[in-house]
Amino acid sequence: MTYEVGAVERRAILNRTKSVTLVGASANPARPSYFVATYLLSSTRYEVNFVNPRLDTLFGKPVYASLKDVPGEPDLVSVFRKHDDLPQVAEEVIDAGARTLWLQLGLWHEPAADRAQDAGLDVVMNRCVKIEHARFAGGLHLAGFNTGVISSRRQSAP
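Cut-off values and rules
- Residues numbered from 1 in each chain as written.
- Predicted model: local features only at pLDDT ≥ 70, side-chain atom pairs only at ≥ 80, totals over all residues.
- Heavy atoms only, no water.
- Buried < 20%, exposed > 50% of the residue type's maximum accessible area, 1.4 Å probe, protein only.
- Helix = DSSP H or I, 4+ residues; strand = E, 2+ residues; numbered from the N terminus.
- Pairing = 2+ DSSP bridges.
- Right-handed = clockwise from strand over helix to strand, strands pointing away.
- Phe/Tyr/Trp six-rings, centres within 6.5 Å; stacked < 30°, edge-to-face > 60°.

Draft legend 1. Local environment of the pairing of strand E6 (residues 100-103). Both faces of E6 are covered, namely the face carrying Thr100 and Trp102 and the face carrying Leu101 and Leu103. Bridge analysis of strand E5 (residues 76-79) against E6 gives four bridges, and the strand direction is parallel. Considered in E6, the bridge of Val77 is made with Leu101. Viewed along the sheet, the connection from E5 through helix H3 (residues 86-96) into E6 turns out right-handed. The pairing of E6 with strand E7 (residues 122-124) spans three bridges and is parallel. Its bridge partner being in E7, Leu101 is matched across the sheet by Val123.

Draft legend 2. Representation of the packing of aromatic side chains within the structure. By the definition in use, this model includes two aromatic pairs. Relative to Phe59, the ring of Tyr34 has its centre 5.0 Å away and its plane inclined at 50 degrees; by these criteria the two rings are tilted. Remark: Phe59 occurs in the loop between strand E3 (57-58) and strand E4 (61-64) and Tyr34 occurs in helix H2 (residues 32-43); sequence separation between them is 25 residues. The class for Phe59 is partly exposed, based on a relative accessible area of 35%.

Draft legend 3. The arrangement of the sheet that holds E4 in detail. One open sheet accounts for seven strands, arranged E3-E4-E2-E1-E5-E6-E7; its pairing is mixed. Of all the strands in the sheet, the pair left with one neighbour each is E3 and E7.

Draft legend 4. Region of interest: the pairing of strand E1 (residues 19-23). A large share of E1 lies buried, amounting to five of its five residues. What you see with E1 is no split at all: Ser19, Thr21 and Val23 on one side and Val20 and Leu22 on the other are buried throughout. Pairing of E1 with strand E2 (residues 47-51) involves five bridges; the strand directions are parallel. The residue of E2 that forms the bridge with Leu22 is Phe50. Traced from E1 through H2 to E2, the parallel crossover comes out right-handed. Note that E1 and E5 share four bridges and pair parallel. Bridging from a neighbouring strand, Leu22 pairs with Ser78 of E5.

Here you go:
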């Protein structure tokens, strides 16, 4: 199976995404999921949902105990969980009817990816949804990153 998802495909996934559910969301400002959550809520058009059985609310929004408790069908599920949890999380993402399983930076699990792809999901591994969104929305240049986009116009946000 193919595990590397190119920039064109990542942008297409983000463009069609309506909602992002963060599994493993944290109220700790030092955690990457907290930073990603603040970015998604303040800088994107996505409906953002949170899953963490140890939290009740985050940023004034409800936090769900499991993915099956999130109302509606999730679109993109961004995972902030340890490696050993990924096969079970992939099953939950499939059962929830999501379109995309997105494993955050540092997460790579080929059997979980195979299972999700076999179920018809798009899979992105070892990528940060915040960084990728900012890359395509033209915001990474503000932090000194070379986005590879040569234009005097700001790109339309995915």
